[in-house]
Amino acid sequence: MTERDWFAGPVAERYDASTAEMPVEPVVDFLERFAGGGALELAIGTGRIALHLAQRGVRVAGIDLSTDMVAQLRKKPGADEIPVEIGDYATTHVDGTFSLAYIVFNSINNQTTQEGQVATFANAAAHLHPGGCFVVEVGVRPPERLTVFDLSDTHVGIDEYDADTQRLVSHHFTLVDGSWQRISMPFRAVSPAELDLMAQLAGLRLRERWSDWDRSPFTSESTKHVSVWEKT
């Protein structure tokens, strides 16, 4: 299970700025169709997605391990309407049930063990109405051991992957106030097929899988997938 808060302090303070260019509206458009009975975000963080869903009239709740990330959320208009439980999203419960649970931007990989990822599916399923859906956005690992995923004047990102253990470490080198700072976060990479099995164990079945939020087809060339599992 997740234990250390890798998003504390300066990471939380810079999170919104570092993700400012990431799409929001396509994500919210995709999720909203499943959210008629409310939405639960696992790893809600600073509310990058949740606040926009709430602005569309969706009842939203969240779970997050990081008090600092949630503190950033609480500074934003509308955040008081979103209840958030602090804790490991694999085991923490919130009141009520929902038609949608979701986790985006590779956050399923913050669970660094198979046990933790299996528990995440079980916890998501426990919060869903019958017929509700669990949506996951996560990258598909390339076979290379080292991958440069970002290279700019102010940030260099390198993924280090061990196929034997499925351990993935993302190394971030960021230029802050004229000096380079490094943080290395551990993850557990997981294949679509393994996620399908975790879903099956939780009483979920695959409903659809896409290459991106625009519902482009998922193929062998896709670098990530957006998958939807339905509670049977």
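You'll find the structure just up there.
Novice: Would you explain the overall build of the protein in this entry?
Specialist: Scanning the protein for helices and strands turns up 6 helices and 11 strands. Across its three principal directions, the C-alpha atoms of the protein cover 50 × 40 × 35 Å. Long-range contacts, defined here as pairs at least 24 residues apart, represent 58% of the contacts in the protein between residues at least 6 apart. Per element, the accessible surface of the protein, about 11200 Å² overall, is 52% carbon and sulfur.

Novice: Mind showing me how you'd approach the sheet that holds strand β7 (residues 155–162) here?
Specialist: Strand pairing in a sheet is mediated by backbone hydrogen bonds. Such pairs are either parallel or antiparallel. Read from one edge to the other, the open sheet built from 4 strands follows the order β6-β7-β8-β9, with strand pairing classed as antiparallel. Both edges of this open sheet fall to β6 (146–151) and β9 (179–188), since each of them pairs with a single strand only. Averaged over neighbouring strand pairs, the angle between their axes works out to 15° when direction is ignored. Note: strand β8 (residues 167–176) against β9, 10 bridges, orientation antiparallel. When the bridges of β9 are listed, Phe 173 appears paired with Arg 182.

Novice: Please explain the sheet that holds strand β1 (residues 39–42) as it appears in this structure.
Specialist: Read across the sheet, 7 strands follow the order β3-β2-β1-β4-β5-β11-β10 without closing on themselves; strand pairing throughout is mixed. Edge strands, defined here as strands with exactly one partner in the open sheet, are β3 (84–86) and β10 (204–210). Strand-to-strand twist of the sheet, defined as the mean angle between neighbouring strand axes without regard to direction, takes the value 20°. With 3 bridges connecting them, strand β2 (residues 60–64) and β3 associate as parallel partners. Residue Ile 63 lies in a different strand from β3, and its bridge partner there is Glu 85. Packed on one face of the sheet, helix α5 (residues 114–126) meets β1, β2, β4 (98–103), β5 (128–139), β10 and β11 (224–231) and runs near 145° to β5.

Novice: Help me understand the nonpolar core in this model?
Specialist: Side chains of a nonpolar character, in soluble globular proteins, are inclined to be buried together. Grouped together as the largest cluster of nonpolar side chains are 28 residues, with contacts concentrated most on Leu 31, Tyr 102 and Val 135. For this core, the elements supplying multiple residues, two or more each, are α2 (25–32), α3 (50–55), α4 (67–74), β4, β5 and β11. Top element by residues in this core is α2. It accounts for 4 residues. The contacts of Tyr 102, once residues within four sequence positions are left out, are Leu 31, Ala 39, Leu 40, Glu 41, Leu 42, Ile 49, Ala 50, Leu 53, Phe 134 and Val 135. Counting residues in hydrophobic clusters, the runner-up holds 24 residues, among them Ile 63, Tyr 89, Phe 121 and Phe 134.

Novice: I tried to follow the packing of α5 against helix α6 (residues 192–201) on my own but got confused; where do I start?
Specialist: Between two packed helices, both the angle of their axes relative to each other and the distance between the axes serve to describe the pair. Running from N to C, α5 and α6 point in directions that differ by 55°, and their axes come no closer than 8 Å. Here α5 is positioned oblique relative to α6, judged by the angle of their axes. The two elements α5 and α6 cross, and the hand of that crossing is right-handed. In contact with Gln 114, Gln 117, Val 118 and Phe 121 of α5, α6 contributes Glu 194, Leu 195, Met 198 and Ala 199. Of the residues contributing to the contact of α5 with α6, the split by class is 5 nonpolar, 2 polar and 1 charged.

Novice: Mind showing me how you'd approach the packing of aromatic side chains here?
Specialist: A ring pair, where both rings are aromatic, is described by two values, the distance of the centres and the angle of the planes. Taken as a whole and assessed by the stated rule, the structure comprises 6 aromatic pairs. A ring pair is formed by Phe 7 and Tyr 15, whose centres lie 6.4 Å apart and whose planes are at 75°; its orientation type is edge-to-face. You can call Tyr 15 buried: its relative accessible area is 14%. Their ring planes at 45° and their centres at 5.7 Å tell us that Phe 30 and Phe 34 sit as a pair that is tilted. Through a chain of ring-to-ring contacts, three or more aromatic side chains come together here, namely Phe 30, Phe 34 and Trp 213.

Here is what the cut-offs are and how they apply
Counting of residues starts from 1 at the beginning of each chain's written sequence and follows it residue by residue. Only residues with pLDDT of at least 70 get local features here, since the model is predicted, and only at 80 or more are side-chain atom pairs given and counted; chain-wide, interface and lining totals rely on the full set of residues. In computing side-chain properties, one takes all heavy atoms of the structure into account and sets aside hydrogens as well as water. The numbering of helices and of strands both runs from the N terminus, where a helix is a DSSP run of H or I of at least 4 residues and a strand a run of E of at least 2. Pairs of residues are marked as contacts when any of their non-hydrogen atoms sit within 4.5 Å. Only the protein chains shown count as cover for residues, and all accessible areas are computed by the Shrake-Rupley method using a 1.4 Å probe. Any two strands are treated as partners once DSSP identifies two or more bridges connecting them. Angular values range over 0 to 180 degrees, each being the angle between N-to-C directions of two axes fitted as lines to C-alpha atoms, with helices fitted over their stretch in contact. Residue types Ala, Val, Leu, Ile, Met, Phe, Trp, Tyr and Cys, when buried and joined through side-chain atoms within 4.5 Å, form a set referred to as a nonpolar core. Relative accessibility thresholds used throughout: buried, under 20% of the residue-type maximum; exposed, over 50%; partly exposed, between the two (1.4 Å probe, protein chains only). Throughout, the term roughly parallel applies to angles under 35 degrees, roughly antiparallel to angles over 145, roughly perpendicular to angles from 65 to 115, and oblique to all others. Note on convention: the crossing is left-handed when the near helix lies turned anticlockwise from the far helix by less than a right angle, right-handed when the turn is clockwise. Side-chain classes follow a simple rule in which Ala, Val, Leu, Ile, Met, Phe, Trp, Tyr, Cys and Pro form the nonpolar group, Asp, Glu, Lys and Arg form the charged group, and the remainder, Gly included, forms the polar group. By convention, a stacked pair of Phe, Tyr or Trp rings (six-membered ring in the case of Trp) has centres within 6.5 Å and planes under 30 degrees apart, an edge-to-face pair has planes over 60 apart, and any other such pair is tilted.

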